[in-house]
Amino acid sequence: MQIEQALAPPVGFRKAIPLLVKLKVVLRQNGKCTHCNAQLGELDGLEFDHVPALQLRIWCEETKDTIPPANSVEHIEAKHSDCHDVKTYGSKATGRGSDITEIARTKRLNRETEEFRRRILAKTEGDDLPPSSKKKHRWPKRKFASRGRRAEEPERNQPVSEPGDE
Ligand SMILES: [Zn+2]
C-alpha cells in the first residue's frame with residue numbers, strides 16, 4: 001500500500017553503527033546490558049539493538065534516514081549477543097515481544113487504521129446528510145458560517161445533520 005511505504009523505511013534498511021556511537025551507547029547504559037543488567041564487557045560480544053526497531057520508525061525522504069535517526073545514541077541499546085537473540089526472535093516458546101512479531105502487528109494496525117480512515121472520509125463526504133435535505137446543503141461554507149450565529153439564522157426546521165467535530 002502506498003501510504004505505508006511512504007512512512008516506513010525501505011525494506012531491509014540498515015546503517016552501520018559507528019564505533020563512537022557504540023561507545024556512547026555503552027556509556028549511557030553505565031556499561032550494563034539492558035536485558036540482563038550484567039556488565040557488558042568487550043564490544044565484540046555485544047549486539048546493538050535499535051529501539052524502536054528501524055523498520056518500525058518513520059522514514060524521512062530528505063535525510064534518507066529514519067526518525068529518530070538510525071544512529072541516534074538514545075535509540076540504540078547494547079546487549080550481550082545472547083540477550084539480543086531473545087529480543088529479535090522472541091522467547092522460544094511464543095515469539096511474543098520480538099521485533100519480528102511487533103513489525104507484523106504494526107503493519108496490520110496500519111492497515112486497519114487506513115481502512116477506518118477511509119470509512120470515516122466516505123461518511124463525511126456523503127452519507128452524513130439525511131436524504132431529504134441533500135439539495136439544500138450544496139454550499140458547505142454555509143454550515144460553518146451559521147455555527148457562530150445560530151441565533152440570528154432561522155433554521156427552518158432543518159434537522160442539524162452534522163455531529164460535532166472531534
Ligand atoms: Zn545480557
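Since we're looking at a predicted model, the values are computed, not measured.

Colleague: How should the overall build of the chain be read in this particular structure?
Modeller: Secondary structure summary: the chain contains five helices and four strands in total. Reading the helices (α) and strands (β) of the chain from amino to carboxyl end gives α-α-β-β-β-β-α-α-α. Contacts in the chain between residues far apart in sequence, at least 24 positions, make up 68% of those at least 6 positions apart.

Colleague: How do you make sense of the nonpolar core when you look at a structure like this?
Modeller: One recurring pattern in soluble globular proteins is that nonpolar side chains are buried together. V25, V26, C33, L40, L46, I76, A78 and C83 form the largest nonpolar core, which has eight residues in total. Only helix 2 (19–28) and strand 4 (76–80) provide two or more residues apiece to this core.

Colleague: When you look at the pairing of strand 4 in this model, what are you seeing that I'm missing?
Modeller: Looking along a regular strand, one sees the side chains alternate between the two faces of the sheet. Taking burial as the measure, the five residues of strand 4 include four buried ones, the bulk of the element. In the sheet, strand 1 (residues 46–50) pairs with strand 4 via five bridges, with the strands oriented antiparallel. Each residue of the ladder has a partner; that of F48, found in strand 4, is A78.

Colleague: Is there a simple way to think about the environment of E61 in this case?
Modeller: Its location among the elements puts E61 in the loop between strand 2 (58–60) and strand 3 (65–67). Considering only alpha carbons, one finds E61 and P9, 52 residues apart in sequence, at a separation of 9.0 Å.

Quick notes on the rules
- Residues numbered from 1 in each chain as written.
- Predicted model: local features only at pLDDT ≥ 70, side-chain atom pairs only at ≥ 80, totals over all residues.
- Helix = DSSP H or I, 4+ residues; strand = E, 2+ residues; numbered from the N terminus.
- Contact = placed C-beta atoms within 7 Å.
- Core = buried A, V, L, I, M, F, W, Y, C linked by C-beta atoms within 7 Å.
- Buried ≥ 20, exposed ≤ 12 C-beta atoms within 10 Å, placed from the backbone.
- Pairing = 2+ DSSP bridges.

So, to be careful, I would describe these as geometric facts and stop short of saying anything about function.
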